[in-house]
Amino acid sequence: MTATAPARTVLRAQGLSRVFGTGAGEVRALSDASLEVAAGELLVVRGPSGSGKTTLLNLLGALDRPTSGSVWLGDAELTALGEKAVLTARRERIGYVFQSFGLVPVLSAAENVEVPLRLRRTPPAERAERVAAALDAVGLAGHAKQRPYELSGGQQQRVGIARALVAEPEVLLADEPTGQLDSGTAAVVMDLLARVVHDRRVAAVVSTHDPELMARADRVVELHDGQVVDRGNG
Ligand SMILES: Nc1ncnc2c1ncn2[C@@H]1O[C@H](COP(=O)(O)OP(=O)(O)OP(=O)(O)O)[C@@H](O)[C@H]1O
């Protein structure tokens, strides 16, 4: 008999709420949302436009602070850290993938992937090695010198994934990563994301509108009007 150790929880949100003050009054974007993500798990957050997916991902990634509730990354309570410590946690422990890729247009694919390593002051020789390995892992070894405009949308997002993973984060957050891709390319990118999450044992949260992308999820959380309404296939 083989015993499998339960997967380690890496990211945990407890009772997260976020209220935005606007000229027209208060908007409750997220209400009392709780979730956990384990190492090597791909959690998909789905829900209609305006349901709070981006708000939730921004809070999980410490890009925003909740009105109430907490986010834990391992033993560290992200929501209790000061600005400097949050910045360090973001650089060292979390990788981000954006819907519009977020690549720097004047930098090559390799230079874009290198950015997180420069921010972490990784020595140049090690940077070159890790960038090459990251581009290889997303199938772009032959495209290192190309600028973003010389790449297709799917290739640009693969560069985005390589950049998010090059520094070996514990957490990967992707907000609508396939939102600007046609359905065939979206499927390729989502398959790649699922593979790297499982291979590298990253705890990943991916938001999407696209029902087809649910198939790659280990677990699905559904948001409606800022509330977790359903735990889908999990
Ligand atoms: N900075 C802000 N100020 C005011 N209201 C905001 C702000 N950010 C989000 N909201 C509101 O919070 C709610 C949730 O928005 P959010 O962007 O999180 O939804 P979403 O599910 O990501 O939507 P989409 O799928 O369209 O990207 C919406 O009603 C939105 O208008």
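Think of each chain on its own: its residues are numbered from 1, step by step along the sequence as written. Under the rules for a predicted model, residues below a pLDDT of 70 receive no local features and side-chain atom pairs below 80 are neither given nor counted, while totals for whole chains, interfaces and linings still include all residues.

- With an unreviewed UniProt entry as reference, the chain is termed ABC transport system ATP-binding protein, source organism Promicromonospora iranensis.

## Quick notes on the overall build of the chain
Next up, step 1: Broken down by element type, the chain carries six helices and 10 strands.
Next up, step 2: Computation of the radius of gyration draws on C-alpha atoms alone. For the globule rule, the value is 2.2 Å times the number of residues to the power 0.38. Its C-alpha radius of gyration of 18 Å places the chain within 12% of the 17 Å reference for a compact globule of 234 residues.
Next up, step 3: Overall size of the chain, expressed as C-alpha extent along the three principal axes, is 60 × 50 × 40 Å.
Next up, step 4: Put simply, the chain has 234 residues, and 40% of those count as buried.
Next up, step 5: By definition, residues are in contact whenever their C-beta atoms, placed on the basis of the backbone, come within 7 Å of each other. Within the chain, residue pairs in contact and separated by at least 24 positions form 72% of the contacts whose partners lie at least 6 positions apart. The helix and strand labels rest on DSSP assignments: H or I over at least four residues marks a helix, E over at least two residues marks a strand, and numbering proceeds from the N terminus. Here the C-beta atoms are placed from the backbone, and a residue counts as buried if at least 20 other C-beta atoms lie within 10 Å of its own, exposed if 12 or fewer do, and partly exposed otherwise.

## Describing helix H3 (residues 109-119)
Next up, step 1: Every buried residue belonging to H3 is among Ala 109, Ala 110, Asn 112, Val 113, Glu 114, Pro 116 and Leu 117, and all of these are buried.
Next up, step 2: At its buried positions, H3 is contacted by helix H2 (83-93), helix H4 (124-137) and helix H5 (153-165).
Next up, step 3: Once H3 finishes, Arg 121 follows within two positions and takes phi at roughly 55 degrees, a positive value.

## Focus on H5
Next up, step 1: In this scheme, a helix's expected span is set at 1.5 Å multiplied by one less than its residue total. An ideal rise of 1.5 Å per residue puts 18 Å on 13 residues; H5 measures up with 19 Å between its terminal C-alpha atoms.
Next up, step 2: Of all the 13 residues making up H5, 11 are buried; the element is thus mostly covered by neighbouring parts of the structure.
Next up, step 3: Looking only at H5, the buried set comprises Gln 155, Gln 156, Gln 157, Arg 158, Val 159, Gly 160, Ile 161, Ala 162, Arg 163, Ala 164 and Leu 165.
Next up, step 4: Lining the buried residues of H5 we find strand E6 (94-97), H3, H4, strand E7 (171-175) and helix H6 (183-200).

## Structural notes on the packing of H3 against H5
Next up, step 1: With their axes 7 Å apart at the nearest point, H3 and H5 run at an angle of 30 degrees to one another. What the angle tells us is that H3 and H5 run roughly parallel. H3 and H5 meet at a crossing whose hand is right-handed. Facing Ala 109, Asn 112, Val 113, Val 115 and Pro 116 of H3, the residues of H5 in contact are Val 159, Ala 162 and Arg 163.
Next up, step 2: Partitioned by chemical class, the residues of the contact of H3 with H5 number six nonpolar, one polar and one charged. In this analysis an axis means a line fitted to C-alpha atoms, helices contributing only their contacting stretch, and an angle means the value between N-to-C directions, from 0 to 180 degrees. Note on terminology: angles under 35 degrees are roughly parallel, angles over 145 are roughly antiparallel, angles of 65 to 115 are roughly perpendicular, and the others are oblique. Take the far helix as the reference: if the near one is turned anticlockwise from it by less than a right angle, the crossing is left-handed, and if turned clockwise, right-handed. As a working rule, the residues Ala, Val, Leu, Ile, Met, Phe, Trp, Tyr, Cys and Pro are called nonpolar, Asp, Glu, Lys and Arg charged, and the rest polar, with Gly in that last group.

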